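Secondary and tertiary structure notes
Here's the letter readout for the chains.
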Amino acid sequence: MASWNSTPLEVLYQILGWTAFVSWSVSFYPQVILNFRRKSVVGLNFDFVVLNLTKHSSYLIYNATLYFSAAVQRQYYEKYGFGQMIPVAANDVAFSIHAVLLTAVTLVQIAIYDRGNQKVSKISLVIVSVVWLIAAVCFFIALPKHSWLWLISIFNEIQVFMTVIKYIPQAFMNFGRKSTDGFSIGNILLDFSGGVANYAQMAVQSIDQNSWVNFYGNIGKTLLSLVSIFFDLIFMLQHFVLYPAKKLSVNPKASKDTEEPLVKATDQSQSEEV
């Protein structure tokens, strides 16, 4: 089992890891708080949440198993070399547990708050069903030979796939509405910070070990950061540049000339942002 060559880099690795954990974990709360304040989930794409739950559940299975299972760690060393370090840290496990719980809370909010005419698409339900069916089949394939590393790598690939597609429904919904109202930008800013810190953490470990096995040995974590950063940039572009919140202006002269309000009630749908 490999050890750290540089104490400063080891400390930096821990700092970056827990920075990513805090950023990603806190990123769930702006949307939850926004939903709670509005008592509405209109503007939040339900497919995004459903796909996200499968994504984080798969990632939790991968992280927890590789971090805690001695048998899986042994298979990892046999494949990538006993001089390598396990590419999953405690913060990865903690984040996954927290992510599953908060995504479940968001689903509860979808069930109890005003939804308008929004609903989960059949496509998303089919995707989720097929993904878990594939996972079940892979489990029975791995069972006879105890190919646990191969099995959790499947879950890692599932979370990568779900990470790639989960943002797409929300991005298209924002495009169709020409608005990001109801979708918290605070979530995106924190998610972006977490992605950058997570990628930097992997780079620090690779520099210390003078090996890039850390990246392709845990391709899921690598792509998780890159894909998250890519879509976060798209959401920031939509929120701040393409569909900025319109500020209502009141003309004092006009208000004196007429008793009717300058802005009618139907146009006053403003949403809070967290």
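In short, a report on the structure. (Residues numbered from 1 in each chain as written. Predicted model: local features only at pLDDT ≥ 70, side-chain atom pairs only at ≥ 80, totals over all residues. Heavy atoms only, no water.)

For the rest of this paragraph, the subject is the side chain of Gln 205. Relative to the elements of secondary structure, Gln 205 occurs in helix H8 (residues 185-209). Leaving out residues up to four positions away in the same chain, Gln 205 has contacts with Trp 4, Tyr 13, Met 85, Ile 86 and Asn 214. (Helix = DSSP H or I, 4+ residues; strand = E, 2+ residues; numbered from the N terminus. Contact = heavy atoms within 4.5 Å.)

Attention now goes to the side chain of Thr 180. Here Thr 180 shows up in the loop between helix H7 (148-177) and H8. Thr 180 gets classed as buried once you look at its relative accessible area, which sits at 5%. Side-chain polar atoms of Thr 180 contact the side chain of His 239, separated by 2.7 Å. Leaving out residues up to four positions away in the same chain, Thr 180 has contacts with Asn 174, Gln 238, His 239 and Tyr 243. (Buried < 20%, exposed > 50% of the residue type's maximum accessible area, 1.4 Å probe, protein only. Polar contact = N/O pair within 3.5 Å; in protein donor to acceptor, adjacent residues only side chain to side chain.)

Once that is clear, we can look at the layout of surface pockets. Here the second largest pocket is characterised by a volume of approximately 270 Å³. Lining of the second largest pocket is provided by 15 residues; of these, Tyr 13, Tyr 67, Ile 86, Val 88 and Ala 89 occupy positions nearest its centre. Ranked by residue count, the leading element in the lining of the second largest pocket is helix H1 (residues 7-26), at three residues. (1 Å grid on protein atoms, 1.4 Å probe; cavity = no way out; pocket = protein on both sides within 12 Å on 5 of 7 lines; lining within 4 Å. Points joined across faces, edges and corners; volume = space filled by probe spheres on them.)

The end-to-end C-alpha distance of H1, which contains 20 residues, comes to 28 Å, matching closely the 28 Å that a straight helix rising 1.5 Å per residue would cover. By the burial criterion, the buried members of H1 are Tyr 13, Leu 16, Gly 17, Ala 20, Phe 21, Ser 23, Trp 24 and Ser 25. Backbone nitrogen of Leu 9 and a side-chain oxygen of the N-cap are separated by 3.3 Å at the start of H1; the cap is Ser 6. (Expected span 1.5 Å × (residues − 1).)

This paragraph deals with empty space enclosed by the protein. Evaluation of the coordinates by the stated rule reveals two cavities of 30 Å³ or more. Volume-wise, the largest cavity comes out at about 270 Å³. Lining the largest cavity are 23 residues, with Phe 28, Phe 48, Asn 52, His 56 and Asn 187 positioned closest to its centre. Only helix H2 (28-38), helix H3 (46-68), helix H5 (90-112), H7, H8 and helix H10 (219-242) provide two or more residues apiece to the lining of the largest cavity.

On the surface, a nonpolar cluster with roughly 470 Å² of combined accessible area is contributed by Leu 189, Leu 237, Phe 240, Val 241 and Leu 242. Looking at the nonpolar patch, the element that brings in the most residues is H10, giving four residues. Along the polypeptide, Leu 237 turns up in helix H10. Here Leu 237 falls in the partly exposed class, since its relative accessible area comes to 44%. (Patch = residues over 30% accessible without salt bridge, like charges linked within 9 Å, V, L, I, M, F, W, Y side chains within 5 Å. Areas by Shrake-Rupley, 256 points an atom, 1.4 Å probe, with all protein chains shown as cover. Salt bridge = Lys/Arg side-chain N within 4 Å of Asp/Glu carboxyl O.)

Purely spatial values, then, with no claim about function.
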